[in-house]
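# Commentary on secondary and tertiary structure
Residues per chain, in single letters:
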Protein chains: 2
Amino acid sequence: MDKWSQVTLNDVAREAGVSSATASRALNGTTRVRADLRERVLAAAERLAYTPNAHAQALARASSQAVGVICHDVSDPYFAGISGGVMRAAAEHDLHVIMGSTFRDPARELSYVSMMRGQRVRAILLTGSGFEDRAWQGAMREELARCAAAGTRIAAVSRHRGLRVDSVLPENRAGAAALARALLGLGHRDFAVLTGPPAITTVVDRLAGFQEALADAGVRIAPDQIVEGAFSRDGGHRAASELIARGLRATCVFASTDIMAVGALAAFRGHGLSVPGDVSLAGFDDIPVIGDLTPPLTTVALPLEEIGRRVMALALRPATAGRSRVERVPGTVVLRASTSAPAVRPLRERSPRPLTETPG
Amino acid sequence: MDKWSQVTLNDVAREAGVSSATASRALNGTTRVRADLRERVLAAAERLAYTPNAHAQALARASSQAVGVICHDVSDPYFAGISGGVMRAAAEHDLHVIMGSTFRDPARELSYVSMMRGQRVRAILLTGSGFEDRAWQGAMREELARCAAAGTRIAAVSRHRGLRVDSVLPENRAGAAALARALLGLGHRDFAVLTGPPAITTVVDRLAGFQEALADAGVRIAPDQIVEGAFSRDGGHRAASELIARGLRATCVFASTDIMAVGALAAFRGHGLSVPGDVSLAGFDDIPVIGDLTPPLTTVALPLEEIGRRVMALALRPATAGRSRVERVPGTVVLRASTSAPAVRPLRERSPRPLTETPG
DNA sequence: TGTTGACCGGAAAGCGCTGTCAGAAAGCGC
DNA sequence: GCGCTTTCTGACAGCGCTTTCCGGTCAACA
């Protein structure tokens, strides 16, 4: 009974007294069908509440109406923002999306791609960052080559080293650099960074951009002031606590992600440090709520929904031979109250080395 | 070239020197296959990077490995939380999910269901609230009946009036009531509520529960102190501003959603009102970050990820004849610093009617 | 050695749809 | 009314896979 209870095109055709071919044509409008027959078919379909079997259609047409979207974590606000754009774009193009959440497991990302290839999706959107892992990149490259051979488009958000895919590239490096310059401009010379998992390209880029801009100003971050943590509120909390445990000597802390910054803010508070009084704090992404914290967080704003929309647009554009297309999306430094000129009085925890700037 | 470049089961069979039937059996392990043949098939599949065409499989098996998930807004933290649980559960069961975001358009919800029926998904998860609209409910009921006839399971989060679906039911009413009692306990007698769109069952339930508990204590909310707004940060901001414009006479404001509460907090601040000094503020859901605001928001905590996991479990359990299954998920009142005893001095904006409680 | 049964592999029939192809019907000019 | 073109329609062959069904092999047993 399971398989027989579905209304098929044949049922509609019989009900309308035409062949299934005609019914198909009437429903899809691929060829002209005599008006009265079309009416009969449409009426029959309506009466029987016919819904075409998408699998049969996909099989016969050798293509589907689906796109695959792979992200690192659906419940992360960063992806939630991107997904919003992706879903809106999908709806506009009458596509349905198959969603995969890898929870930052590269192996799972790979298996999702192959699963989606099995689904013969029109396109696969890689909305997570790439992974800095040679072996993985190799495997992924093979997998994507198979997709390309099958005509499945690939588009990505973020840098995917060695993958040569069309992508929407948030300017993580430049954004972090701009942020660094803004913070230097506030008078800071002693920085700490809370980074994410080092295998993720976005993390690498943000850290690199930040350090480069500092280096240009002759400022270096002490290795022990760079702490690694998970991309989560609690990851940020732990990283900040670790930083404090190591001895916070910075006047300004950059968390590579807003969510981490939220955790860091809580940790600083918990340790009796005021932000920005004792230490300035900045994040990256400009996820919602971040501007409603006290103090509102300085960050680098990324137009998440637009990124989602654009990566979909990229995926829908036909493949070009040769070079892959790259659309850069700049980040905007948003200075809010969580950053200010460095405190005059050195922190207890900060080692008493001379401040080089004139205090604010 | 588009359609020919995919490796098919036949290719694998030929490569392995067996029939496609044997190849299928070897790959799926449905029947015993001589060990050496199975090896050859597996090796061939590996060599050719064979991925079965999911559409052909679904067609032949008359069932797919997909479940459909329909939510109101993917980028809303509430759904992001639920989706997290859903995606994890899906991964555990080797299912892939087709995601639909209705952006709170009932018509779109309907069309997603029918689309997913076309996809012959195993189950459809309705993770958004129901709509209080007779016509819509009728249409939805028909649609769901068709799903049931086709063996597609349906499971929902929240109340869906007149739909009789298995569901995970956050106790919105009881939770809001418990919150109300807690606030009464703090000494409040004058309340205001920022509600969401009145067509949404969750909104109705939260408001009803809140009002009931107040009524039990002989407290009534003045009609002009109930303001409707969109389910978003800005919706909350606007609603709170409107409330202030009308003349805020309450000592305590309940926003039916945490995100709205965030906006409300900002609005109060913007108007020079301190929370909880001038007015206490509470939300509902306990979305992330909410506890990291200043002050941390009082709310009713819902185990979002668990809700997601459970609705999936419900969807995977075979249908029972007769009554629909309902799993209630209690909300936990989390009192944080955004609520306190009412201020002694009456607000400028508050009309000077006598406070009935002893302050403090 | 003949017979029975267990076990396995291959041929083939679909699953529900689309698209080709050939033929029927209809329209047209003469 | 005839032959021609132009539309339309139905039969049918797949799409790639699963799953019966059937026949062949081989071990076991009489």
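For the structure itself, consult the block above.
Fair warning: this is a prediction, and the values are worked out from it, not measured in the lab.

A few words on the overall build of chain A. Summing up its helical and strand segments, chain A has 12 helices and 12 strands in all. Its C-alpha atoms give chain A a radius of gyration of 26 Å, more than 25% over the compact-globule value 21 Å for 360 residues. Overall, chain A is about 90 × 40 × 35 Å in size when its C-alpha atoms are taken along their principal axes. Buried residues in chain A amount to 55% of all 360 residues. Pairs at least 24 residues apart make up 75% of the contacts formed inside chain A by residues separated by at least 6 positions. Accessible surface, chain A as shown: approximately 14,500 Å² in total, 53% of it carbon and sulfur. One way to put it: in chain A the 43 positive side-chain charges average out to a point 5 Å from where the 36 negative ones average out.

A word on the interface of chain A and chain B. Every contact between the two is made by 53 residues of chain A and, on the other side, 52 residues of chain B. Across the interface of chain A and chain B, roughly 4,800 Å² is buried in total on both sides, 57% from carbon and sulfur atoms. Among the residues of chain A in contact with chain B, His55, Arg120 and Asp292 of chain A are the three that bury the most area, contributing 15% of the side total. Ionic pairing is found between Asp292 of chain B and Arg233 of chain A, a salt bridge with its closest N-O pair at 2.5 Å. Across the contact surface, chain A and chain B share 17 residue pairs in polar contact (both at pLDDT 80 or more). The set of elements that each furnish at least two residues to the side of chain A that touches chain B consists of helix 4 (54-61), helix 5 (77-92), strand 2 (96-101), helix 6 (106-118), helix 7 (134-149) and helix 11 (258-270) of chain A. Of the residues forming the side of chain A that touches chain B, the biggest block, 7 residues, is contributed by helix 5 of chain A. Along the lines of polarity and charge, the residues of the side of chain A that touches chain B split into 25 nonpolar, 18 polar and 10 charged.

Attention now goes to the sheet that holds strand 1 (residues 66-71) of chain A. Spatial strand order, 11(A)-5(A)-4(A)-3(A)-1(A)-2(A)-2(B)-1(B)-3(B)-4(B)-5(B)-11(B): 12 strands in an open sheet with mixed pairing. Looking at which strands have only one partner, the edges of the open sheet turn out to be strand 11 (326-329) of chain A together with strand 11 (326-329) of chain B. Pairs of neighbouring strands in the sheet enclose a mean axial angle of 20°, with direction left out of account. Two elements, strand 1 of chain A and strand 2 of chain A, share 6 bridges in a ladder whose sense is parallel. Considered in strand 2 of chain A, the bridge of Ala66 of chain A is made with His96 of chain A. Packed on one face of the sheet, helix 5 of chain A meets strand 1, strand 2, strand 3 (123-126), strand 4 (153-157) and strand 5 (166-170) of chain A together with strand 2 (96-101) of chain B and runs near 160° to strand 2 of chain A.

It is worth spelling out the environment of Ile287 of chain B at this point. Residues and elements named next belong to chain B. The topology assignment puts Ile287 in the loop between strand 9 (280-282) and strand 10 (299-301). Its relative accessible area of 4% is what places Ile287 among the buried residues. In the structure, Ile287 is positioned 146 residues away from Arg141 in sequence and 31 Å away in space, judged by C-alpha atoms. The residues contacting Ile287, other than those within four sequence positions of it, are Pro77, Tyr78, Asp258 and Ile259.

A word on the protein's contact with DNA strand D. Taken together, 27 residues surround DNA strand D, and among them Thr22 and Arg25 of chain A together with Leu9, Ser24 and Tyr50 of chain B come closest. Counting only atoms of DNA strand D within 4 Å of the protein, the fraction found in sugar and phosphate groups is 66%. A distance of 3.3 Å separates a base oxygen of DNA strand D from a polar atom in the side chain of Arg25 of chain B. Among the elements of the structure, helix 2 (20-28) and helix 4 of chain A together with helix 1 (9-16), helix 2 (20-28) and helix 4 (54-61) of chain B are those that each provide at least two residues to the surface near DNA strand D.

Turning our attention to the protein's contact with DNA strand C. Of all residues adjacent to DNA strand C, which total 26 residues, the nearest are Leu9, Ser24 and Tyr50 of chain A together with Thr22 and Arg25 of chain B. Here DNA strand C approaches the protein such that, of its atoms within 4 Å, sugar and phosphate make up 69%. Between DNA strand C and the protein, one listed contact pairs a base oxygen with a backbone N or O atom of Ala60 of chain B at 3.4 Å. Broken down by secondary-structure element, the contributors of at least two residues to the surface near DNA strand C are helix 2 and helix 4 of chain A together with helix 2 and helix 4 of chain B.

Moving on, we get to the pattern of salt bridges. Tallied over the full model, the rule gives 48 salt bridges over all chains. Residue Glu143 of chain B pairs with Arg117 of chain B through a salt bridge whose shortest N-O separation is 2.7 Å. Linking Glu143 of chain B in helix 7 (residues 134-149) with Arg117 of chain B in helix 6 (residues 106-118), this pair joins segments that are 26 residues apart in sequence. In terms of burial, Glu143 of chain B and Arg117 of chain B fall into one category: buried. Within this structure, Arg88, Glu92, Glu305 and Arg309 of chain A form a network of salt bridges that share partners.

As a further point, take the packing of helix 2 of chain B against helix 3 (residues 35-48) of chain B. All names here are of chain B. Contact geometry of helix 2 with helix 3 gives a least axis separation of 9 Å together with a crossing angle of 85°. The orientation of helix 2 with respect to helix 3, classified from their angle, is roughly perpendicular. Touching Thr22, Ala23, Ala26 and Leu27 of helix 2 are Leu37, Arg38, Val41, Leu42 and Ala45, all from helix 3. Among the residues making up the contact of helix 2 with helix 3, the classes are represented as 7 nonpolar, 1 polar and 1 charged.

Before going further, it helps to examine the relation of the copies chain A and chain B. With an RMSD of 0.1 Å, the operation that places chain A on chain B is a rotation of 180° combined with a shift of 0.1 Å along the axis. Taken together, the rotation and translation describe the operation of a two-fold axis. A high fraction, 98%, of the interface residues of chain A reappear at the interface in chain B, so the copies pair face to face through one surface.

What counts as what
Residue indices follow the written sequence of each chain, beginning from 1 at its first position. Lettering of chains starts at A and numbering of ligands starts at 1, both following the order in which they are written. Where local features are concerned, this predicted model is filtered to residues with pLDDT of at least 70; where side-chain atom pairs are given and counted, the filter is 80 or more; whole-chain, interface and lining totals use all residues. No hydrogens and no water enter the side-chain calculation; it runs on all heavy atoms of the structure. A run of H or I in DSSP counts as a helix once it spans at least four residues, and a run of E counts as a strand once it spans at least two, with each numbered from the N terminus. With the radius of gyration taken over C-alpha atoms, the globule rule is written as 2.2 Å times the number of residues to the power 0.38. When a residue's accessible area, from a 1.4 Å probe over protein chains only, is under 20% of the maximum for its type it is buried; when over 50% it is exposed; and in between it is partly exposed. It only takes one pair of heavy atoms within 4.5 Å for two residues to be counted as in contact. To be clear on the numbers: accessible area is Shrake-Rupley with a 1.4 Å probe, and residue cover counts the displayed protein chains and nothing else. Charged-residue counts in this description rest on Lys and Arg as positive and Asp and Glu as negative, His and the chain ends being excluded. All charge positions are set by atom: Lys at NZ, Arg at CZ, Asp at CG, Glu at CD. Computed with a 1.4 Å rolling probe, the buried area is the accessible surface lost when two parts are put together, summed over both parts. By definition here, a salt bridge exists when the distance from a side-chain nitrogen of Lys or Arg to a carboxyl oxygen of Asp or Glu is within 4 Å. Counting of polar contacts relies on pairs of N or O atoms within 3.5 Å, with two restrictions inside protein: one atom must be capable of donating a hydrogen and the other of accepting it, and residues adjacent in sequence are counted only when both atoms are side-chain atoms. Amino acids are sorted into nonpolar (Ala, Val, Leu, Ile, Met, Phe, Trp, Tyr, Cys and Pro), charged (Asp, Glu, Lys and Arg) and polar (every other residue, Gly among them). In short, DSSP must find at least two bridges between two strands for them to pair. Simply put, an axis is a line fit to the C-alpha atoms, just over the touching stretch for a helix, and the angle between two N-to-C directions goes from 0 to 180 degrees. A single heavy atom is enough: if one lies within 4 Å of a molecule or strand, its residue is considered near that molecule or strand. Convention used here: angles under 35 degrees read as roughly parallel, angles over 145 as roughly antiparallel, angles from 65 to 115 as roughly perpendicular, and any remaining angle as oblique. Least-squares superposition aligns the copies on the C-alpha atoms of those residues with pLDDT at or above 70 in both.

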